[in-house]
Structure formats: C-alpha cells, structure tokens
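Here are the chains, one letter per residue:
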Amino acid sequence: MASTTDPPPDHPRPRGPADLFWSFSWLALQGFGGVLAVVQRELVERKRWLSNEEFVEDWAVAQIMPGPNVVNLSIMLGDRYFGLRGALAAFAGMLTLPLMLMLTLAVAYAGLASQPAVAGALRGMGAVAAGLIAGVGIKLFVALGKHPLGRPCCALLAALTSVAMVALRLPLFCILPVLGGAACALTWRKLAP
C-alpha cells in the first residue's frame, strides 16, 4: 500500500522498514521521561529525514492525535516512506524493546523503591527533563522564523498557551481547539490566495 504523502526528495530516507524499526527502537531507548529532545536531534540533525520546519509541522500533527506523540510521529514517518509496512515497523520499534526494558526495570524498582537514595535520584531527574524540554523549545522556536505567521505571532500564541496551562490550569482539550484553531485559521488566512 503506497503512502498518500510522498517524502521530500531532498532528504536522505530510511533504507527500509528494518531501518525504521531499529531507528525508532534506538530513539525509544534513549528517551526516558520524554523523547522530544532525542527525536528532534535524531530525525533532524543526525539522520536528516526531516528539516526543522517539517519536524515542527509533523510534531504539531502528532500532538493533536490521540496517543503518545512520538508513537504518532513514528507511524506518520513510517507511512510516509514505506506505507503500512513502514508504519507498522516504526510502531513496533517504538514499543518492543522499550516495553521489555520497562518490565525488567519495574521488577528491579519494586525491590529498591523504599531506598531514599533512589527516590532522591529520581526527583533530581526532573530538572534534567525540564532542561531538555527548554532546549528543544528554543531550537523549535528558531524554525518558526519561516512560519507564515512569523515569530512574533507564534511567540504570542505560545505565551497564551503557557498562560492557559500554567496560570489558568485549563485542560488541553479546551486549549487546543481555541488556540490551535486560531493558529490554524490565521495561518490558512495568511496562505490563502
């Protein structure tokens, strides 16, 4: 089954479904607690399967679909390059080895959870995760320079989203239709002939 969205011709492409499987397995094994930073680095900077702008667009679509964002992205990329076979290979890569590893770690953690050093180490990882997310946010903001709305409008939408989430504590299912819909409408209006 052929994909309806052709991959961009100016990018390297995966060699086959097995390449997708192992690439997404490697991504998943690196991304404890969130893989956004790892996925952006691997897919854009190392493998060059996507440009930064394409990554921002595909990540936005992956976020509004139900399910884990990176799994959605893996399915989208797998389908883009190899249709259903690619989508299934990328999906399996995202889940197979990490699932086996997590089951092993869960058994080990059950025996160590009461240790104060283990609890403290896990709390310390929160700062690292926040730093990774902030770093990727800065990289992605640079990619918005080519967005039809421009950086100031994108920054305003990002700020409104942050205020809605942090200060107003609105749920995502309220923020997405309003601010996401406004962003889509503004972009469509800007691109309309």
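Residues numbered from 1 in each chain as written. Predicted model: local features only at pLDDT ≥ 70, side-chain atom pairs only at ≥ 80, totals over all residues. Heavy atoms only, no water.

A. Quick peek at the overall build of the protein chain. A count of helices and strands for the protein chain gives seven helices and zero strands. The order of α-helices and β-strands along the protein chain, N terminus first, is α-α-α-α-α-α-α. When the backbone C-alpha atoms are referred to their principal axes, the protein chain occupies close to 65 × 45 × 25 Å. Relative to its 193 residues, the protein chain shows a buried fraction of 32%. For the protein chain, restricting intrachain contacts to residue pairs at least 6 apart in sequence, the fraction spanning at least 24 positions comes to 57%. Put simply, the protein chain shows about 11900 Å² of open surface, and 71% of that area lies on carbon and sulfur atoms. Of the side-chain charges in the protein chain, 15 are positive and 10 negative, and the distance between the mean point of each set is 7 Å. (Helix = DSSP H or I, 4+ residues; strand = E, 2+ residues; numbered from the N terminus. Buried < 20%, exposed > 50% of the residue type's maximum accessible area, 1.4 Å probe, protein only. Contact = heavy atoms within 4.5 Å. Areas by Shrake-Rupley, 256 points an atom, 1.4 Å probe, with all protein chains shown as cover. Lys, Arg positive; Asp, Glu negative; His and termini not counted. Charge placed at Lys NZ, Arg CZ, Asp CG, Glu CD.)

B. Spatial organisation of the packing of helix H1 (residues 17-30) against helix H4 (residues 69-112). Between H1 and H4, the least distance of the axes is 7 Å, while the angle of their chain directions is 45 degrees. Taken as axis vectors, H1 and H4 run oblique relative to one another. Where H1 crosses over H4, the handedness of that crossing is right-handed. In terms of residue class, the contact of H1 with H4 is made up of 16 nonpolar, six polar and one charged. (Axes fitted to C-alpha atoms, helices over the stretch in contact; angles between N-to-C directions. Parallel < 35°, antiparallel > 145°, perpendicular 65-115°, else oblique. Left-handed = near helix turned anticlockwise from the far one by under 90°. Nonpolar A, V, L, I, M, F, W, Y, C, P; charged D, E, K, R; others polar.)

C. Highlighting the layout of surface pockets. Approximately 1600 Å³ is the volume found for the largest pocket. Top contributing element to the lining of the largest pocket by residue count: helix H7 (residues 172-191), with ten residues. Across the lining of the largest pocket, the residue classes break down as 26 nonpolar, nine polar and three charged. (1 Å grid on protein atoms, 1.4 Å probe; cavity = no way out; pocket = protein on both sides within 12 Å on 5 of 7 lines; lining within 4 Å. Points joined across faces, edges and corners; volume = space filled by probe spheres on them.)

D. Summary view of a nonpolar patch on the surface. A grouping of Val 61, Ile 64 and Met 65 is seen on the molecular surface, where their side chains present a nonpolar patch of about 250 Å² in accessible area. By the element assignment, Met 65 lies in the loop between helix H3 (52-64) and H4. The exposure class assigned to Met 65 is partly exposed, which follows from its relative accessible area of 32%. (Patch = residues over 30% accessible without salt bridge, like charges linked within 9 Å, V, L, I, M, F, W, Y side chains within 5 Å. Salt bridge = Lys/Arg side-chain N within 4 Å of Asp/Glu carboxyl O.)

E. Examining the pattern of salt bridges more closely. Considering all chains together, one arrives at four salt bridges under this definition. Between Glu 42 and Arg 46 there is a salt bridge, with the nearest N and O atoms lying 2.7 Å from each other. Residue Glu 42 and its partner Arg 46 are located together in helix H2 (residues 36-46), separated by four residues, close to a single helical turn. The class of Arg 46 is exposed, set by a relative accessible area of 53%. As a salt-bridge pair, Glu 53 and Lys 146 come within 3.8 Å of each other at their nearest N and O atoms.

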